[in-house]
Amino acid sequence: MSKPIKLRVEGVSKRYGAAYALKETSLIVYEGEFLTLLGPSGSGKTTLLSILSGLSIVDSGEIWIDEKVATHTSVHERGIGMVFQNYALFPHLTIYENIAFPLRMRKISEKEISRKVGEVLEVVRLPQVPNRFPKELSGGQQQRIALARCAVYEPTIILMDEPLGALDKKLRDDMQLEIKRLHVELGTTIVYVTHDQEEAMSMSDRICLMRDGAIEQLGMPDDLHFRPVSRFAADFLGASNIFPADVLSIAGERIELRAFGKARVIGAAERPVEFNSHLVAFMIRPEHIRILEDGETANNVFSAMVTRTIMNGSITRHYVALENGTELVTAEFTLAPMRSDRRVGRNVRIGWSAEHTIVLPH
Ligand code: ADP
Ligand code: MG
């Protein structure tokens, strides 16, 4: 399977003074792909995006667009659309004129402009607003118009830097769907920046997790969820139940750890495990930990006491404390009212299978 490559970043780096904003980085973005740069503030996301856009010049490396070197191609010649959080509309222009603006810059006929503006307003589902001014629209509607203005000249690449950062939760959710729909309808290659792991998970074909100006992990949302490469990745992707451990033995795919004081934890290493120290970390996803019924067993079984339960609509979480005091959280669908044998203060047995012990470098 060889997908056409839209963007190629090779050995690109960027410094400000002595400090690297982006260490030597290489990355490929495929045609039509939705790739998200995810990472904490200061990890180099905006730096990488502005290098792609041409707004920022690299210190080393090359950028390729459509398999042609574009490292020193100007912003305008790259034909890339951009939507930023603070990419404001022109307040004194109507919505129609705001969207027409990039087309006028390109000397397109009035008739063609009218057709394209009408079309793109349909795409963002605001066909009724061409004669209004930006301040007469809600924040979310303005952001859709910013999107329309970017999409109207049909760039084959769109870069978005935290475009939903200023919107409240409900609007963000709507806009996420809107952007995904646009992506599918227009077939555009999108490089999207966010620091919100849920947003990245739900929108992306692939996620590029950044840390300190470098790529920590690049993969499909599934990869990052099930196979984080490091404690940082697991943490950033919102994992709970991460604990330190010592490696006791590795035999084939079976790995034995010592954790929670002197307890043994069994894991399955699906990829060859090579740790340069006996000290590792491991994690278990809350949904993989079961509260066991009498007589039920698992690779890893511990006695625990329920310390807290939170029923958040369709998901119920039980926080449980092991005998040495370590707290874990379990999660399950709320399929029935809370059972009395799982209330706070009750003793339970929890269990999970070896394959769900995910071992991480410490
Ligand atoms: P992010 O978008 O992930 O929050 P940035 O790419 O904006 O991160 O920044 C990466 C690093 O580079 C940060 O440490 C930031 O302080 C630094 N940096 C970014 N832009 C500049 C600049 N114009 N001058 C000096 N340092 C900068
Ligand atoms: Mg940024």
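Reading guide: rules and limits
Residues numbered from 1 in each chain as written. Chains lettered and ligands numbered in written order. Predicted model: local features only at pLDDT ≥ 70, side-chain atom pairs only at ≥ 80, totals over all residues. Heavy atoms only, no water. Near = heavy atom within 4 Å. Polar contact = N/O pair within 3.5 Å; in protein donor to acceptor, adjacent residues only side chain to side chain. Areas by Shrake-Rupley, 256 points an atom, 1.4 Å probe, with all protein chains shown as cover. Nonpolar A, V, L, I, M, F, W, Y, C, P; charged D, E, K, R; others polar. Domains from an automatic or database assignment. Contact = heavy atoms within 4.5 Å. Buried area = accessible area lost by both parts, 1.4 Å probe. Salt bridge = Lys/Arg side-chain N within 4 Å of Asp/Glu carboxyl O. Helix = DSSP H or I, 4+ residues; strand = E, 2+ residues; numbered from the N terminus.

Participant: Explain the site of ligand 1 to me, please; I cannot follow it from the model alone.
Facilitator: Every residue near ligand 1 is listed here: Tyr16, Ala21, Pro40, Ser41, Gly42, Ser43, Gly44, Lys45, Thr46 and Thr47. Measuring from an oxygen atom of ligand 1, one finds a backbone N or O atom of Ser43 at 3.1 Å. Here an oxygen atom of ligand 1 sits 3.0 Å away from a polar atom, N or O, in the main chain of Gly44. Out of a free accessible area of 560 Å², ligand 1 has 55% covered by protein chains. The residue makeup of the shell around ligand 1, split by class, is three nonpolar, six polar and one charged.

Participant: Explain the domain arrangement of the chain to me, please; I cannot follow it from the model alone.
Facilitator: How big an interface is tends to be stated in terms of accessible area lost as the parts join. With domains assigned, the chain is organised as domain 1 (5-234) and domain 2 (239-361). Taken together, the contact between domain 1 and domain 2 spans nine residues of the former and twelve residues of the latter. A buried area of about 920 Å², summed over both sides, lies between domain 1 and domain 2, and 55% of it is on carbon and sulfur atoms. Sorting the residues of domain 1 by area buried against domain 2 places His225, Arg231 and Ala234 first, and these three jointly supply 54% of that buried surface. If you look at where domain 1 meets domain 2, you find zero salt bridges. Summed over the shared surface of domain 1 and domain 2, the number is two residue pairs in polar contact (both at pLDDT 80 or more). At the level of elements, helix 7 (221-226) and helix 8 (231-236) are the ones that each hand at least two residues to the side of domain 1 that touches domain 2. The element best represented in the side of domain 1 that touches domain 2 is helix 7, accounting for three residues. In the side of domain 1 that touches domain 2, the residues fall into five nonpolar, two polar and two charged.

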